Amino acid sequence: DRASSCKTSPAGHKPNADRTGLTICPRDTFSIGASDDCTDCAQDWYSEAGSSTCLTCPQYETFVESTKNCDCQSSFIRDVETAKCTCKPGETLSGTECKPCDASKFKEKSGVESCSLCNDVVKGSVTFDTSSTSAKDCVCPEEYFMNGKKTECLRVPRGVNETSFGQTLEDLRLKRGFWRTGSNSTDIRECLAEEACLGGANSSDYCRPSHRGPLCQLCEAGYSKEMNGLCQPCDSSSKDTVLTLVLLLFGLALFYLFYRFVLKPRVPTEMLKSLRTGVKIMFASYQIIVNIPTVVPNIIVPEDFEKVVQKMSFLTFDMFTIVSVRCWTETATFYVQLALATLLPLIACLFLVVLSLSCSSPERKVQLMTIALALTYLTFPTVSSTVMAFFPCDEMDNNNEWLRADYSISCLASSRIPMTAFALVMVLVYPIGVPLLYFCILYKNRERIKKPVDERAEDLSIVGYAFLFESYKPAFWWFELAETFRRLSLTGILAVVKPGTETQLFSGILLSLIAIVATAWFQPYQDGRDNVIAVSMNLQVALITLTALALKRSQEADTYSPEEAYDEKGMGILLIVYNVVLILVFIFYGWGEMTSGSRSADGLAAKVIKKRGSVKTLASKRGVTTATEEDDVGIEMKPRANSEFEAANPMAKERAGTLGKERKSSWASAVDEDGNEYWYDKTSGRTSWTK
């Protein structure tokens, strides 16, 4: 058929070959119409069949020749919801491509938006790596932990592992030797016994097996606490207790036999007094040393030396320290310990005093009074520290408050009210009452005590109290009060200071140094040897606390090296050697005194008197203040003024010659109340009638 007119091809089409119809423009070509051909799309452009124009790929997409479709560029993904290409979570648009979020940033959703800063969500937080996709990836760096509100990173307190990354309040990783009340606590406590606390992140596993309770201070049933603060099976503790008691009884029996059959028959009474003074000084200091682990529960001392101190626990005269009482009964709390520790010595002393007052024999009265005073002296530091230990309580951040001396006792319990009244009474009896008793006795009799040594030894009105002053020169009648205050300060008063702190250790060092200076300055003891022993023992206490302070600083620095381990071992050995040397020097000195004394005139006289059954004291045999000039056997032991026997007494001549040599440097003359001239030693306080 012949057409009446020609038509133009519409958009997306072109005429066919014989121009009798239309052909659709193929894919990736286009025609705007009225065109004989379809035009190819430019590179990276595309079109569907029959298109009037070519299209470019959407943003972040590229045309894929193989599929003849647009697809996301290599760093982009197609969002499922929008079907658009965008950056995936954890990445952000940087230039023309998606790049991972930097460290300490995160992005939770897909998109080209910027990454969020961790610091805007949790102050101070960072991420483990790049490409973080959640705010939960924001954690605290090393040496920090996330607070309970998840809003801030705080510096970890002492006792928490500083090298752990990403710690939160709930899973703080405690170091060995530290404890806290629970997973929400920021109050990290140093355990009183380091080995009792295992540390870690699980609050239910802080304590080692057999330990429980606050600071892992309590023992499970069937266990008892040793002096080192660790819980041991009751079977083991019982064996150690029996062995300790057997050794103690055996040692006391040997000492009694040695004293009864060796010392007493051979050594003059005055010489025994001198030896007793040295023993008294060393005993008092060792009692302080043994009490140190109780006063400073988490004290760090060399392990070897600690074992030696534990073997001397019997010096405390504390049944709860020597015997594992809690293996027998769980009811043996600190309150029971306080009652027994205070009432038993008090009842014993009152019984001795009553017995003394009702006794008709003057000699027996003196003995009973001396025993009563000695009992107060022996038990004073231990009982005082026990009484003072009643008051310090440990306040926790979970609204609990526990007694430091026994963490099974709540300081908020109503049962504490009557015990507080009892403890206050015992404070008046022991830490205050005993020194006050000593003061009253010494002050009342000070004029008698200040008399020459030999004269006051014969004064029956004060001989029962000689335990308090016989060691000192007459001018230092008051020094036992200073010694009592030293013992109280280093046990009872020091226990009130927060245990284990540097303040407590430094206080111990300072008190020991004051005692050293006072003893060295006054030299109050009659025998110069005793002054040296007193200074040496005070120095030992100072060295122990100084060593503990150095080791504490070293361990807190977390730089414990093999060299420091060597130093700890070496310091322990030196402390042990120091003790051994002190004891050996005292023994050798005492033995030399005994052997020389047994050969002296006084020693020979003592033997004669012993054989003849005389009951007078050696001082009276010397004729210093006795009414007669001869003893029971007719030998004048020491020439008295106007004595008719002086020229005929060979012992007097020997003694006078000896005293003459001694008197060259330290003896001076004086006149007594009757006008008689006598000589006295300015150093020791000894007196003699001879010139």
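What you see is a predicted model; the values in this text were computed from it and never measured.

**Focus on the pattern of salt bridges**
- In total, this model carries 19 salt bridges according to the counting rule given.
- Residue K450 is joined to E447 by a salt bridge in which the shortest nitrogen-to-oxygen separation is 3.8 Å.
- Across the pair D459 and R448 runs a salt bridge, and its minimum N-O distance is 2.9 Å. Taken together, the residues span a long stretch of sequence, with D459 in the loop between α11 (453–457) and α12 (479–493) and R448 in helix α10 (residues 446–449) at a distance of 11 residues.
- Assessed through its relative accessible area of 37%, R448 is described here as partly exposed.
- One continuous salt-bridge network, built from bridges that share partners, spans E61, D71 and R78.

**A look at the packing of aromatic side chains**
- Scanning the entire structure with this criterion turns up 15 aromatic pairs.
- Geometrically, the ring pair formed by Y60 and F76 is stacked, given 4.7 Å between the ring centres and 15 degrees between the ring planes. Of this pair, Y60 sits in the loop between β6 (55–56) and β7 (61–64) while F76 sits in the loop between β8 (69–72) and β9 (77–78), and the two are 16 residues apart along the sequence.
- Look at Y60 and you get buried, because its relative accessible area is 16%.

**Some points on the packing of helix α9 (residues 433–444) against α12**
- Contact geometry for α9 and α12: axes closest at 9 Å, N-to-C directions at 175 degrees. With respect to α12, the axis of α9 lies roughly antiparallel. Residues P435, Y438, F439 and L442 of α9 pack against E480, L481 and T484 of α12.
- The class makeup of the residues in the contact of α9 with α12 is five nonpolar, one polar and one charged.

**Section: a nonpolar patch on the surface**
- On the surface, a nonpolar cluster with roughly 450 Å² of combined accessible area is contributed by V580, I583, L584, I587 and F588.
- As for its placement among the helices and strands, F588 is situated in helix α15 (residues 562–599).
- Of the residues examined, F588 reaches a relative accessible area of 60% and is grouped as exposed.

**With respect to the environment of L505**
- Relative to the helices and strands, L505 resides in helix α13 (residues 502–522).
- For L505, a relative accessible area of 4% corresponds to the buried category.
- When the C-alpha positions of L505 and A548 are compared, they lie 7.6 Å apart, and in sequence the two are 43 residues distant.

**Comments concerning the nonpolar core**
- In this structure, F334, Y335, L338, F390, L403 and L468 are the most contacted members of the largest nonpolar core, which totals 35 residues.
- Among the elements of the structure, α3 (269–295), α6 (334–357), α7 (362–388), α8 (416–429) and α9 are those that each provide at least two residues to this core.
- Take this core: its biggest share by element is seven residues, from α7.
- Excluding its chain neighbours within four sequence positions, the residues that come into contact with Y335 are F390, L403, I409, S415, R416 and M419.

**A short note on the confidence of the model for the protein chain**
- Here the protein chain averages 78 in pLDDT, and 75% of its residues register 70 or above.
- The low-confidence segment residues 598–665 (pLDDT under 50) makes 96 contacts with residues lying over four places distant or belonging to another chain.

**Observations regarding the packing of α12 against α13**
- One can describe the packing of α12 onto α13 by two numbers: an axis separation of 10 Å at closest approach and a directional angle of 165 degrees. It follows that α12 is roughly antiparallel to α13 by the angle criterion. As for how α12 packs across α13, the hand of that crossing is left-handed. Residues F479, R486, S489 and L490 of α12 pack against G508, L511, S512, A515, T519 and F522 of α13.
- Class assignment for the residues of the contact of α12 with α13 results in five nonpolar, four polar and one charged.

Procedures and definitions
Residues numbered from 1 in each chain as written. Predicted model: local features only at pLDDT ≥ 70, side-chain atom pairs only at ≥ 80, totals over all residues. Heavy atoms only, no water. Salt bridge = Lys/Arg side-chain N within 4 Å of Asp/Glu carboxyl O. Helix = DSSP H or I, 4+ residues; strand = E, 2+ residues; numbered from the N terminus. Buried < 20%, exposed > 50% of the residue type's maximum accessible area, 1.4 Å probe, protein only. Phe/Tyr/Trp six-rings, centres within 6.5 Å; stacked < 30°, edge-to-face > 60°. Axes fitted to C-alpha atoms, helices over the stretch in contact; angles between N-to-C directions. Parallel < 35°, antiparallel > 145°, perpendicular 65-115°, else oblique. Contact = heavy atoms within 4.5 Å. Nonpolar A, V, L, I, M, F, W, Y, C, P; charged D, E, K, R; others polar. Patch = residues over 30% accessible without salt bridge, like charges linked within 9 Å, V, L, I, M, F, W, Y side chains within 5 Å. Areas by Shrake-Rupley, 256 points an atom, 1.4 Å probe, with all protein chains shown as cover. Core = buried A, V, L, I, M, F, W, Y, C linked by side-chain atoms within 4.5 Å. pLDDT = per-residue confidence, 0-100. Left-handed = near helix turned anticlockwise from the far one by under 90°.

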